[in-house]
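The lines below spell out each chain.
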Amino acid sequence: MVEQSQNGLAKEIKRMARERGAIIVAHNYQNDEVQDVADEVGDSFYLSRVCAKSNAKVIVFCGVRFMAESAKILSPQKTVLLPERSAGCPMANSITAQDVVRLKAEHPGAPVVCYINTSAEVKAECDICCTSSNAVRIVKGLPENEIIFVPDINLGSYVAKRVPEKKLILFNGCCVTHNRFGADEVVAARQKYPDAPVAVHPECSQPVCELADFIGSTSEIIDFCKSSDKKRFIIGTEMGVFHKLKADSPDKEFYLLTPRLICANMKMTSLQSVYNALNENKTVIEVEENIRKRASACLERMLALK
Ligand code: 13P
Ligand code: SF4
């Protein structure tokens, strides 16, 4: 197709979305111009709610596969499009349904909490889903004392520390992006900007989380910086959050903990891919009905709690 200017593309995207009755949602890690063209931008929990409640016929999910899949699981009657077919999440791909079945056999009676960063097949084997913004509350609220938590060992360790009365059985998955740096980089950043609070995502390693002033989901980090009276912040999550951080607080300064905080999968989606998605109806997300029903129960249990 003929290449268009970014502005022209954004206008065309809006026009096509209106014509098709589509809503465009984007995760906080998406490229700036993709966030700008979206109707809703937010963290995983917020976007899963938006998609579940939306009356749109089509959802264009600018994010990674497990997010679009979650939207389809909750709204099977809607067409869900993932603009970049190969935008996946290595953490979600690190665990299979068979891994969960094995863990359940090893720990009979222990409920399974899965991070939303999992495939539909994995969710279908789990009891309740969580995101980084509600994981502690969900684990705390379960009546059982022994709980299987998959797949993120970092988020699991973060939760285990805050719910010491329960025994968590963890899987050995992690986010390559957030696990890429250690405490030494937090120490170095603090030396450079001693007055700046450090805000990190719970997907960071335990030594990093222990040195942080604030730990939260992408949107919680954005809200923390907005409401703080500090002027400078060290950010320990994917660089896409800078778009909203700067828009919310143009007078504040933000420093990325390390330049390596980039999720290649989240950065695949461009305005051109959003345009192509609407124009060519791609990539349509499908989930086999038996898997979808069981995965839906897992997601619905989480949504019912908030
Ligand atoms: P949030 O739920 O905080 O948006 O995080 C999703 C994610 O993939 C973080 O790497
Ligand atoms: Fe997955 Fe990590 Fe990218 Fe989030 S930042 S989508 S957990 S690889």
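This text gives an overview of the structure that appears in the document. It should be emphasised that the depicted structure is a prediction, and the values quoted were computed from it without experimental measurement.

Inspection of every chain in the model, using the stated rule, returns 18 salt bridges. Among the ionic pairs, E210 bridges to K161, the shortest N-O distance being 3.5 Å. One end of the pair, E210, is in helix 11 (residues 206–211); the other, K161, is in helix 9 (residues 153–162), and 49 residues separate them in sequence. Since its relative accessible area comes to 54%, E210 is described here as exposed.

Within the structure, ligand 1 sits among H27, Y29, D43, S44, N117, S132, H178, H201, E203, S217 and T218. Between ligand 1 and S132 there is a distance of 3.0 Å, counted from an oxygen atom to a side-chain nitrogen or oxygen. One nitrogen or oxygen atom from the side chain of E203 is found 2.8 Å from an oxygen atom belonging to ligand 1. For ligand 1, whose accessible area on its own is 310 Å², the fraction buried by protein is 96%. In terms of residue class, the shell around ligand 1 is made up of 1 nonpolar, 8 polar and 2 charged.

What follows deals with the site of ligand 2. In the vicinity of ligand 2, the residues found are Y29, C89, P90, M91, N117, C175, H178, E203, C263 and M266. For the shell around ligand 2, the class distribution of residues is 7 nonpolar, 2 polar and 1 charged.

In this section: the sheet that holds strand 7 (residues 146–150). Reading across the sheet, the 4 strands line up as 6-5-7-8 and stay open at both edges, with parallel pairing between neighbours. Because the sheet does not close on itself, it has two edges, and the strands there are strand 6 (128–130) and strand 8 (167–170). The sheet shows a mean angle of 30° between the axes of neighbouring strands, taken without regard to direction. Sheet topology places strand 5 (residues 112–115) next to strand 7; 3 bridges connect them, and they run parallel. Residue V113 lies in a different strand from strand 7, and its bridge partner there is F149. The sheet contacts of helix 6 (residues 97–106) involve strand 5, strand 7 and strand 8, and relative to strand 7 the element is tilted by about 165°.

How each quantity is defined
Residues numbered from 1 in each chain as written. Chains lettered and ligands numbered in written order. Predicted model: local features only at pLDDT ≥ 70, side-chain atom pairs only at ≥ 80, totals over all residues. Heavy atoms only, no water. Salt bridge = Lys/Arg side-chain N within 4 Å of Asp/Glu carboxyl O. Helix = DSSP H or I, 4+ residues; strand = E, 2+ residues; numbered from the N terminus. Buried < 20%, exposed > 50% of the residue type's maximum accessible area, 1.4 Å probe, protein only. Near = heavy atom within 4 Å. Polar contact = N/O pair within 3.5 Å; in protein donor to acceptor, adjacent residues only side chain to side chain. Areas by Shrake-Rupley, 256 points an atom, 1.4 Å probe, with all protein chains shown as cover. Nonpolar A, V, L, I, M, F, W, Y, C, P; charged D, E, K, R; others polar. Pairing = 2+ DSSP bridges. Axes fitted to C-alpha atoms, helices over the stretch in contact; angles between N-to-C directions. Contact = heavy atoms within 4.5 Å.

This is a description of form; function is not addressed.
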